[in-house]
2 protein chains.
Amino acid sequence: MARTQGSHSDITGPRIREAALRLFARHGFAAVSMRQIASEVGVQAGALYNYIPDKQALLASLLRGHMDDLLAAWQAEATTGDTTEKLERFVRFHIRYNLERPDAIFISYMELRNLTPENFAQIEALRKTYESTLEGILRDGHEAGRFDVPDPAVTTYALIAMLTGVNTWYRSAGRLTVDEVCDIYWTMTRRMIAASSEA
Amino acid sequence: MARTQGSHSDITGPRIREAALRLFARHGFAAVSMRQIASEVGVQAGALYNYIPDKQALLASLLRGHMDDLLAAWQAEATTGDTTEKLERFVRFHIRYNLERPDAIFISYMELRNLTPENFAQIEALRKTYESTLEGILRDGHEAGRFDVPDPAVTTYALIAMLTGVNTWYRSAGRLTVDEVCDIYWTMTRRMIAASSEA
DNA sequence: GTCTTAACTGAACAAGCGTTCAGATCAAGC
DNA sequence: GCTTGATCTGAACGCTTGTTCAGTTAAGAC
C-alpha cells in the first residue's frame, strides 16, 4: 500500500465527480464524453476507470449520492414542532437546499431516463421516500383539522413542482433574496392548503 | 415538377418530425441518432436531409412548431370573460393542452440547452410571450381588487411550474379524470391568489 | 414511350465514442 | 537505495456519429 500520503486518489476521485456533475448538468449525460470529463480534471480518459466502472455507474453514483444527502439533510431538520411548523420548514428547506445545488437538482430531474432500469428503480425509490414525507405532513395536518387538503397525493405533486420550479428562474443577483423567495412561497403554500393564521 | 401526386414527400416529412419528437422525448436529443430516426420512418439516414438541413435544425423546428401551436391555441381560447374566468380558463387550458402533447412538452423543457444560442433565443422569447399572458391576468386581477397577488412575476413562475408538473405524474389509467385534475388545480390556484368565492 | 426530376439508396467520409491495457512514473515503506 | 504498487499515460480496439453524394428508382408530364 505505497503512496497512502502524497497520493492523488483522494483528490482525483472527488474532482471527477465534480466535473461530471457540472458537465452533465450543462450539456446532458449523453452529450458529455469521458474525454471531456478527464480534460476538466487534468488527466487522460483512461485514468477515470481507476475510480468508476463505467460512465453509467458514474451517473448513477452522482444521483444516488445526491438523494442520500438530501434525505439526510431533511432528517436532520425535521425533528420538532407541530404540523404547520413542519410544513413551513419543509418549504423553506426544499427551496434553500435546491438553490444551493442547482447542478445536482438539474440532473436528478433530467437524466433519470439515462439510468439502467435497476439504477432508475433505486433512485426513484429514494425520491418517493422524500416526497412521502411531505405527503405525510399534509395528511397529518388534514386529519388534525389544521389544513384543508382533500387530495394529499395531488397536493404533494403540486407543491413539489412549485417549489422545485424556483431553480429555473431564481438568480442571486436578482431582485429578491432567498429569504424573500421563501416567504412568498410559504405564503402561497399556506393559502393552497387553507391553513389558518396568515401571519 | 414531376410526381406532385403519388409523391412520398408530404408523408415522409411529417413522419420524420413525429419520429424525432417521440425519440427525442424518450431518449434525449443527444442520445438519438439520425439512423434511428430514419429507421422509424422506414428510410435511409441520407434521405432525412431532403427535409431538414441538419439535426440541430430539426430540434429547433420541432420546438418552434410546438410554441407556435401553443400560442395559437391559447389565443383561440382567451377571448371573453372577466379576469377570474380568464384565469380559470388558463389553468384548465394549460393542463389539458400539456397532457395531450407530453412529448412536445417534455422536449420543450429538456432540450433547450441543445439549441444554438440563436435558436434558443427565439424559442425562449416565445415561451416568455406565453407566460406573460398569465402574468397579465394576475396583474389585472390584482389591480382590480379581485386577486391578492403582491408579486405577479413570482406567482406566475409558481403557477406555471405547478401546472406543468401534472405531466410528470398523471396517467389516464389512474384514479382521476383530467376534469377532476383540472378541478383540483383550479381550487389550489384560486386559493393561492386568494380569489374570493370558493364555488 | 420518352423525358424529367423528386425521392431515395448505399457506400463512404473524417471524427469521435466508451473502454482496455501494457508500460512509464514516482512517492512511501523498509 | 531498492522494492512495491497506486496512479496515470498514450495508444489502440471496434463501433457509431452526422453528413455528403454519385447513382438508382419510379411516377407525372407531354
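All figures in this text were calculated on a predicted structure; none of them were measured in a lab.

Here is what the cut-offs are and how they apply
Residues numbered from 1 in each chain as written. Chains lettered and ligands numbered in written order. Predicted model: local features only at pLDDT ≥ 70, side-chain atom pairs only at ≥ 80, totals over all residues. Heavy atoms only, no water. Core = buried A, V, L, I, M, F, W, Y, C linked by side-chain atoms within 4.5 Å. Buried < 20%, exposed > 50% of the residue type's maximum accessible area, 1.4 Å probe, protein only. Contact = heavy atoms within 4.5 Å. Domains from an automatic or database assignment. Buried area = accessible area lost by both parts, 1.4 Å probe. Least-squares fit on C-alpha atoms with pLDDT ≥ 70 in both. Axes fitted to C-alpha atoms, helices over the stretch in contact; angles between N-to-C directions. Helix = DSSP H or I, 4+ residues; strand = E, 2+ residues; numbered from the N terminus. Parallel < 35°, antiparallel > 145°, perpendicular 65-115°, else oblique. Left-handed = near helix turned anticlockwise from the far one by under 90°. Nonpolar A, V, L, I, M, F, W, Y, C, P; charged D, E, K, R; others polar. Salt bridge = Lys/Arg side-chain N within 4 Å of Asp/Glu carboxyl O. Polar contact = N/O pair within 3.5 Å; in protein donor to acceptor, adjacent residues only side chain to side chain. Expected span 1.5 Å × (residues − 1). UniProt positions renumbered as here; feature names shortened; annotations may be inferred.

Thoughts on the nonpolar core
Point 1. Counting residues in each nonpolar core, the largest one holds 119 residues, and the members touching the most others are A:I37, A:Y185, B:I37 and B:Y185.
Point 2. Beyond its immediate stretch of four places on either side in the chain, A:I37 contacts A:I16, A:A19, A:A20, A:L23, A:F24, A:V32, A:L48 and A:L58.

Some remarks on the domain arrangement of chain A
Residue and element names in this part refer to chain A.
Point 1. In terms of domains, chain A is made up of domain 1 (1–52) and domain 2 (55–192).
Point 2. Just the C-alpha atoms count here: the centres of domain 1 and domain 2 sit 29 Å apart.
Point 3. Opposite the 14 residues of domain 1 that make contact, domain 2 presents twelve residues.
Point 4. Buried surface at the junction of domain 1 and domain 2, both sides included, amounts to about 1,300 Å², of which 73% is carbon and sulfur.

What to know about the relation of the copies chain A and chain B
Point 1. Each copy superposes on the other: chain A lies on chain B with an RMSD of 0.0 Å after a rotation of 180 degrees and an axial shift of 0.0 Å. These values place the two chain copies in the arrangement generated by a two-fold rotation axis.

Section: the packing of helix α4 (residues 83–100) of chain A against helix α9 (residues 178–192) of chain A
All names here are of chain A.
Point 1. Packing of α4 against α9 brings their axes to within 10 Å, and their N-to-C directions diverge by 135 degrees. What the angle tells us is that α4 and α9 run oblique. As α4 runs across α9, the sense of the crossing is right-handed. Contact residues: T84, L87, E88, V91, R92, I95, R96 and L99 in α4; V178, D179, V181, C182, D183, Y185, W186 and T189 in α9.
Point 2. For the contact of α4 with α9, the residue count by class is nine nonpolar, two polar and five charged.

Some remarks on the interface of chain A and chain B
Point 1. Taken residue by residue, the interface counts 33 residues in chain A and 33 residues in chain B.
Point 2. Carbon and sulfur atoms make up 62% of the surface buried where chain A meets chain B, a total of about 2,500 Å² over both sides.
Point 3. Remark: the boundary between chain A and chain B carries six salt bridges.
Point 4. Two residues, A:R113 and B:E111, come together in a salt bridge whose shortest N-O distance is 3.1 Å.
Point 5. For the pair chain A and chain B, the interface holds twelve residue pairs in polar contact (both at pLDDT 80 or more).
Point 6. Counting residues per element, the ones that place at least two in the side of chain A that touches chain B are α1 (9–27), α5 (102–110), α7 (152–164) and α9 of chain A.
Point 7. For the side of chain A that touches chain B, the element with the most residues is α7(A), which contributes seven residues.

A few points about helix α6 (residues 117–143) of chain A
Residue and element names in this part refer to chain A.
Point 1. Between its first and last C-alpha, α6 extends 37 Å over 27 residues, near the 39 Å set by a 1.5 Å rise per residue.
Point 2. Looking at α6, one finds that the buried residues are N119, I123, L126, Y130, E131, L134, E135, I137, L138 and G141.
Point 3. On the buried face of α6, the contacting elements are α3 (55–77), α4 and α7.
Point 4. After α6 finishes, the residue G145 shows a positive phi value of roughly 75 degrees.

A few points about the UniProt feature "domain: HTH tetR-type" (unreviewed entry) in chain A
Point 1. UniProt's entry tags residues 10–70 of chain A with the feature "domain: HTH tetR-type" (unreviewed entry), counted in the numbering of this structure.
Point 2. Structurally, residues 10–70 of chain A comprises 69% helix and 0% strand, and the distance from its first C-alpha atom to its last is 23 Å.

Considerations on the side chain of B:T189
Point 1. For B:T189, the location among the structural elements is in helix α9 (residues 178–192).
Point 2. With residues up to four places along the chain from it excluded, the contact list for B:T189 reads B:L87, B:V91, B:L159 and B:M162.

Some details on the UniProt feature "DNA-binding region" (unreviewed entry) in chain A
Point 1. According to UniProt, the feature "DNA-binding region" (unreviewed entry) maps to residues 33–52 of chain A in the numbering used here.
Point 2. Helix makes up 40% of residues 33–52 of chain A and strand makes up 0%, while its end C-alpha atoms are separated by 14 Å.

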